[in-house]
Amino acid sequence: MKKTIAGALLVAVATVILCVCLTACSTNIVGSYKFYSMKGNEGGIEINYKVGDDILGIGKITEDFMTLTVNEDNTFAISAMGSETKGTWKEEGGKYILTIAGQDQEVSVSGNKLTMKQGENQITFKK
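What you see is a predicted model, and the numbers here were worked out from it, not measured in a lab. (Residues numbered from 1 in each chain as written. Predicted model: local features only at pLDDT ≥ 70, side-chain atom pairs only at ≥ 80, totals over all residues. Heavy atoms only, no water.)

K.L.:
Would you mind going over the environment of serine 83 with me for this structure?
P.N.:
Mapping serine 83 onto the fold places it in strand 7 (residues 83-92). On the basis of relative accessible area, serine 83 is assigned to the partly exposed category, the value being 44%. A C-alpha to C-alpha distance of 9.5 Å links serine 83 and methionine 66, two positions 17 residues apart in sequence. (Helix = DSSP H or I, 4+ residues; strand = E, 2+ residues; numbered from the N terminus. Buried < 20%, exposed > 50% of the residue type's maximum accessible area, 1.4 Å probe, protein only.)

K.L.:
Could you clarify how one ought to interpret the pattern of salt bridges in this entry?
P.N.:
Note that side chains of opposite charge can pair when their charged atoms are close. This structure, assessed with the given rule, holds 3 salt bridges. Across the pair lysine 50 and aspartate 53 runs a salt bridge whose closest N-O atoms are separated by 3.5 Å. Assessed through its relative accessible area of 48%, lysine 50 is described here as partly exposed. Between glutamate 92 and lysine 90 there is a salt bridge whose closest N-O contact spans 3.5 Å. Judged by relative accessible area, which is 33%, lysine 90 ranks as partly exposed. (Salt bridge = Lys/Arg side-chain N within 4 Å of Asp/Glu carboxyl O.)

K.L.:
Just to check I follow, could you spell out the packing of aromatic side chains for this structure?
P.N.:
Two aromatic rings are characterised by how far apart their centres lie and by the angle between their planes. The final tally for this structure, using the stated rule, is 2 aromatic pairs. Here phenylalanine 35 and phenylalanine 65 contribute two aromatic rings whose centre-to-centre distance is 5.2 Å and whose plane-to-plane angle is 75°, an arrangement assigned as edge-to-face. Residue phenylalanine 35 is found in strand 1 (residues 31-42), and its partner phenylalanine 65 is found in the loop between strand 4 (59-60) and strand 5 (66-70); the two are separated by 30 residues along the sequence. Each member of the pair, phenylalanine 35 together with phenylalanine 65, is buried. (Phe/Tyr/Trp six-rings, centres within 6.5 Å; stacked < 30°, edge-to-face > 60°.)

K.L.:
Even after reading the chapter, I still don't get unusual backbone geometry, so can you show me in this structure?
P.N.:
Glycine aside, negative phi is the norm for most residues, and most peptide bonds take the trans geometry. Positive phi, normally seen in glycine, also occurs at asparagine 74, with a value near 65°. As for its placement among the helices and strands, asparagine 74 is situated in the loop between strand 5 and strand 6 (75-80). On the accessibility criterion, asparagine 74 (31% relative accessible area) is partly exposed.

K.L.:
Where do I start with the confidence of the model for the protein in this structure?
P.N.:
The predicted structure's coordinates, where accompanied by low pLDDT, should not be read in detail. Scored by pLDDT, the protein has a mean of 81; 79% of the residues are at 70 or more. When the elements of the protein are averaged for pLDDT, helix 1 (residues 2-25) gives the smallest value, 36, and strand 5 the largest, 97. Counted against residues more than four places away or in other chains, residues 1-26, with its pLDDT under 50, gives 0 contacts. (pLDDT = per-residue confidence, 0-100. Contact = heavy atoms within 4.5 Å.)

K.L.:
Explain the side chain of threonine 115 here, please?
P.N.:
When you line up the elements, threonine 115 lands in strand 10 (residues 113-118). A distance of 3.3 Å separates the side chain of threonine 115 from the side chain of threonine 124, its partner in a polar contact. The contact partners of threonine 115, leaving out residues within four places of it in the chain, are Glu106, Val107, Ser108, Gln122, Ile123 and Thr124. (Polar contact = N/O pair within 3.5 Å; in protein donor to acceptor, adjacent residues only side chain to side chain.)

K.L.:
So what exactly am I meant to see when it comes to the pairing of strand 7 here?
P.N.:
Looking down a regular strand, the side chains alternate between one sheet face and the other. Bridge count for strand 6 against strand 7 is 6 bridges, and the pairing is antiparallel. Along strand 7, the bridge assignment pairs alanine 80 with serine 83. Between strand 6 and strand 7, which pair antiparallel in sequence order, lie 2 residues; one of them, methionine 81, sits at a positive phi of approximately 50°. In this sheet, strand 8 (residues 95-100) lies alongside strand 7 in antiparallel orientation, the contact comprising 5 bridges. Counted as the bridge partner of lysine 90 is isoleucine 97 from strand 8. The turn joining strand 7 and strand 8, which pair antiparallel and follow one another in sequence, is formed by 2 residues; a positive phi near 60° is taken by glycine 93. (Pairing = 2+ DSSP bridges.)

This is the structure:
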């Protein structure tokens, strides 16, 4: 009887661990993201900003400086400084691609962060 209870308990614990790992290890792009950081090079000027930094002419950057909402219906909206742009997204070969006005932009998702790169520049959002 004790072996049966111990065996059932072991199976239950293994099932919980497996479910937690599958949930934590899976990547899901859907959700609401807020600005986290921006870095790169524009015209020879090094850019490296994050939430809390001051930008001359703009002021202190908050996480609402730029937002990204990725919807389950394969649409998304990105807002920056009062302007919103909408597009579509798809998963292709394990990669996520956002499309705005016919232009594709590959993004990477790691944990709760989504990063867009273009040339030397990158913007990171956080869920």
